[in-house]
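Residue strings, one per chain:
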Amino acid sequence: MERILSKELDLWKSHYNNGMRHLFTEEPYFTAEFKNIWMKDKDDHILEELINDFKGTFFQSPYFQAFYKNIKICCPETVFHGTDIGHKYYATGARFKKYLEDHALTHTDQYKLTLEAIDQGARFYDGEDGIYRENQMARNFIRELKSINGADVMGIYGGTHVRPGGKDADGAVINMLEQIKLKYGPSIQVTNLAYPDKLSSPIRVDQISINGKMYSASYYGKVNWRGFKNIDFNEYWRLEGAYSDLASSKKINSTMEYDEFPMAIEKGQVIIEDVVTSDKKVYRSIYRTDGTLLNGQPVAEELSL
């Protein structure tokens, strides 16, 4: 999201201006190493290749491109450290491996860590092993921190990996944050940029019909997703007075954490989410908030209507 990326950039500029140089990111080792080369290039050829490699993901968003280009301009001494497993190991990973071989760098730690990241990616995607990925992200983070002798760093990661007290996406193992806190304790600080300023008042009030009954629907705006797969944007409403009517509606195995909504969420509500694709198709989901907790976090549960 442009708003969150803007806050991330402001935070990094602030730390950079105070002397910080190392930026840890949720991406493979070899992707970050390519970015470090790009930071010194006069053109954006390498960045464009990386964007093409990650076609169909968040990285293809124009907001992401602007984010990295701004770092190159405003914080030119930034050093990226990728601590995720080897996503796109067969594309980006293979290309960086060839780059090192072509430049006679097969004897370096860069080459060793590139091979390790490629192996990590292949192992993860062989069975989508979330436990392996979460554990490896923690190990990679600790390894990179040791490589810079414990210098202060800023990291940018998705909420599942850095939610205090949290677990991985499957709830099977403590997340990356909790694992690295076991080693570094209170020196690890977390800032949550996911909807830090929740909307308390609706933008407008619409009328929406559910099961043949018309409800007032408080509208809380759009979240733009342009550049991610085929999604254009999401829209959100709170359906007023619908909770008791839908109290017995069946649930399906789908949830959203309260943090994922742009407005403040409470128990006893019904929320509508419309996903609008780039070809203007609309996919509607309806959630009920019963106070259910998942991995210690309150979640809204999707209904089958």
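Going along each chain's sequence as written, the residues are numbered from 1 onward. Totals for whole chains, interfaces and linings use every residue, but because this is a predicted model, local features are given only for residues with pLDDT of at least 70 and side-chain atom pairs only at 80 or more, for both listing and counting. Side-chain measures were taken over the full set of non-hydrogen atoms in the model, leaving aside hydrogen atoms and water.

Visitor: Hey, could you run me through the state of the cysteines in this one?
Guide: Two cysteines form a disulfide when their sulfur atoms are joined by a covalent bond. Any pair of cysteine sulfurs within 2.5 Å is marked as a disulfide. Applying the stated criterion across every chain, the model contains 0 disulfides. Cys75 takes part in no disulfide bond, and the closest cysteine sulfur to it belongs to Cys74, at a distance of 5.8 Å.

Visitor: Which parts of the structure should I look at to understand the pattern of salt bridges?
Guide: Note on pairing: side chains with opposite charge can pair once their charged atoms come close. Basic side-chain nitrogens of Lys or Arg form a salt bridge, by our definition, when they fall within 4 Å of a carboxyl oxygen of Asp or Glu. Going through the model one piece at a time under the given rule, you end up with 21 salt bridges. For the salt bridge of Arg133 with Glu26, the shortest nitrogen-to-oxygen distance reads 3.1 Å. Residue Arg133 is located in helix α7 (residues 130-147), and its partner Glu26 is located in strand β1 (residues 22-28); the two are separated by 107 residues in the primary sequence. When the shortest N-O distance is used, the salt bridge between Arg204 and Asp206 registers 2.8 Å. The exposure class assigned to Asp206 is buried, which follows from its relative accessible area of 18%. In this structure, a network of salt bridges that share partners links the residues Lys251, Arg288, Asp290 and Glu301. A run of H or I in DSSP becomes a helix once it reaches four residues, and a run of E becomes a strand once it reaches two; helices and strands are each numbered from the N terminus. Only protein chains enter the calculation, and the probe is 1.4 Å; a residue is then buried if its accessible area is under 20% of its type maximum, exposed if over 50%, and partly exposed in between.

Visitor: Help me out: how do you make sense of the sheet that holds strand β2 (residues 79-84) in this one?
Guide: Backbone-to-backbone hydrogen bonds pair the strands of a sheet. The strands run either parallel or antiparallel. One requirement defines pairing of two strands: DSSP has to find at least two bridges between them. Across the sheet, 3 strands lie side by side as β2-β1-β3; this open sheet has parallel pairing. Because the sheet does not close on itself, it has two edges, and the strands there are β2 and β3 (153-156). In this sheet, neighbouring strand axes are inclined to one another by 35° on average, regardless of whether the strands run parallel or antiparallel. Pairing geometry for β1 and β3, over 4 bridges, is parallel. Bridging from a neighbouring strand, Leu23 pairs with Met154 of β3. Pairs of residues are marked as contacts when any of their non-hydrogen atoms sit within 4.5 Å. Throughout, an axis means a line fitted to C-alpha atoms (over the contacting stretch in the case of helices), and angles, computed between N-to-C directions, take values from 0 to 180 degrees. Taken strand by strand, α7 contacts β1, β2 and β3, and its axis lies near 150° from that of β2.

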